[in-house]
Amino acid sequence: KIDRSFVDEMTTSHEAQALVRTLMQLAKSLSLETIAEGIETPDQLQALKAMGCEFAQGFHFSKPLDEPSFESFVFSKLQSAHSVRIA
């Protein structure tokens, strides 16, 4: 899991970007899946996609939802064949 504090600074800090890239390479070498949290912008999502991040969560996809709203959200995504999986 890539913490949102690294994701927040990833598009403005070379150090944060290098750290995220290193964490992702480590996860891949250990055959672990990666999820980045706190995705808020298309730029963050694109950068993570380019690094090979497999899953993401954050306001870019949806605000926090209660259970009924979550069920409706997931159902609508399944109906439109879209997914929040980014790899």
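Thresholds applied
- Residues numbered from 1 in each chain as written.
- Predicted model: local features only at pLDDT ≥ 70, side-chain atom pairs only at ≥ 80, totals over all residues.
- Heavy atoms only, no water.
- 1 Å grid on protein atoms, 1.4 Å probe; cavity = no way out; pocket = protein on both sides within 12 Å on 5 of 7 lines; lining within 4 Å.
- Points joined across faces, edges and corners; volume = space filled by probe spheres on them.
- Nonpolar A, V, L, I, M, F, W, Y, C, P; charged D, E, K, R; others polar.
- Helix = DSSP H or I, 4+ residues; strand = E, 2+ residues; numbered from the N terminus.
- Buried < 20%, exposed > 50% of the residue type's maximum accessible area, 1.4 Å probe, protein only.
- Contact = heavy atoms within 4.5 Å.
- Patch = residues over 30% accessible without salt bridge, like charges linked within 9 Å, V, L, I, M, F, W, Y side chains within 5 Å.
- Areas by Shrake-Rupley, 256 points an atom, 1.4 Å probe, with all protein chains shown as cover.
- Salt bridge = Lys/Arg side-chain N within 4 Å of Asp/Glu carboxyl O.
- Core = buried A, V, L, I, M, F, W, Y, C linked by side-chain atoms within 4.5 Å.

Enquirer: An account of the layout of surface pockets is needed here, citing residue identities and associated values.
Expert: Here the idea is plain: a probe the size of a water molecule rolls over the atoms and shows the empty space left. If you add up the space inside the largest pocket, you get close to 190 Å³. Split by residue class, the lining of the largest pocket holds 9 nonpolar, 3 polar and 1 charged.

Enquirer: Outline the environment of phenylalanine 59, supporting the account with residue identities and numerical values.
Expert: Within the element layout of this structure, phenylalanine 59 appears in the loop between strand S2 (55-56) and helix H4 (67-79). With relative accessibility at 52%, the residue phenylalanine 59 sits in the exposed group. Distance from phenylalanine 59 to lysine 1, taken between C-alpha atoms, is 16 Å for residues 58 residues apart in sequence. Ignoring any residue separated from it by four or fewer positions in sequence, one finds phenylalanine 59 in contact with Ile39, Glu40 and Pro64.

Enquirer: Break down a nonpolar patch on the surface for me, with residues and values.
Expert: The grouping of Leu65, Phe70, Val74 and Leu78 at the surface amounts to a nonpolar patch, some 350 Å² of accessible area in total. Note that valine 74 resides in helix H4.

Enquirer: Can you lay out the environment of isoleucine 35 for me, pointing to particular residues and giving the numbers?
Expert: By the element assignment, isoleucine 35 lies in strand S1 (residues 35-36). Here the alpha-carbon distance between isoleucine 35 and methionine 24, two residues 11 residues apart in the chain, equals 9.3 Å. If we skip the residues at most four places from it in the chain, isoleucine 35 touches Lys1, Ile2, Cys53, Phe55, Ala56 and Gln57.

Enquirer: Explain the nonpolar core to me, and be specific about the residues and the numbers.
Expert: Counting 13 residues, the largest nonpolar core has Val20, Met24, Ala36, Ile39 and Leu48 as the members making the most contacts within it. Secondary structure elements with two or more residues in this core: helix H1 (4-10), helix H2 (14-29) and helix H3 (42-51). Looking at which element gives the most residues to this core, the answer is H3, with 4 residues.

Functional significance is not addressed by these values, which are geometric in nature.
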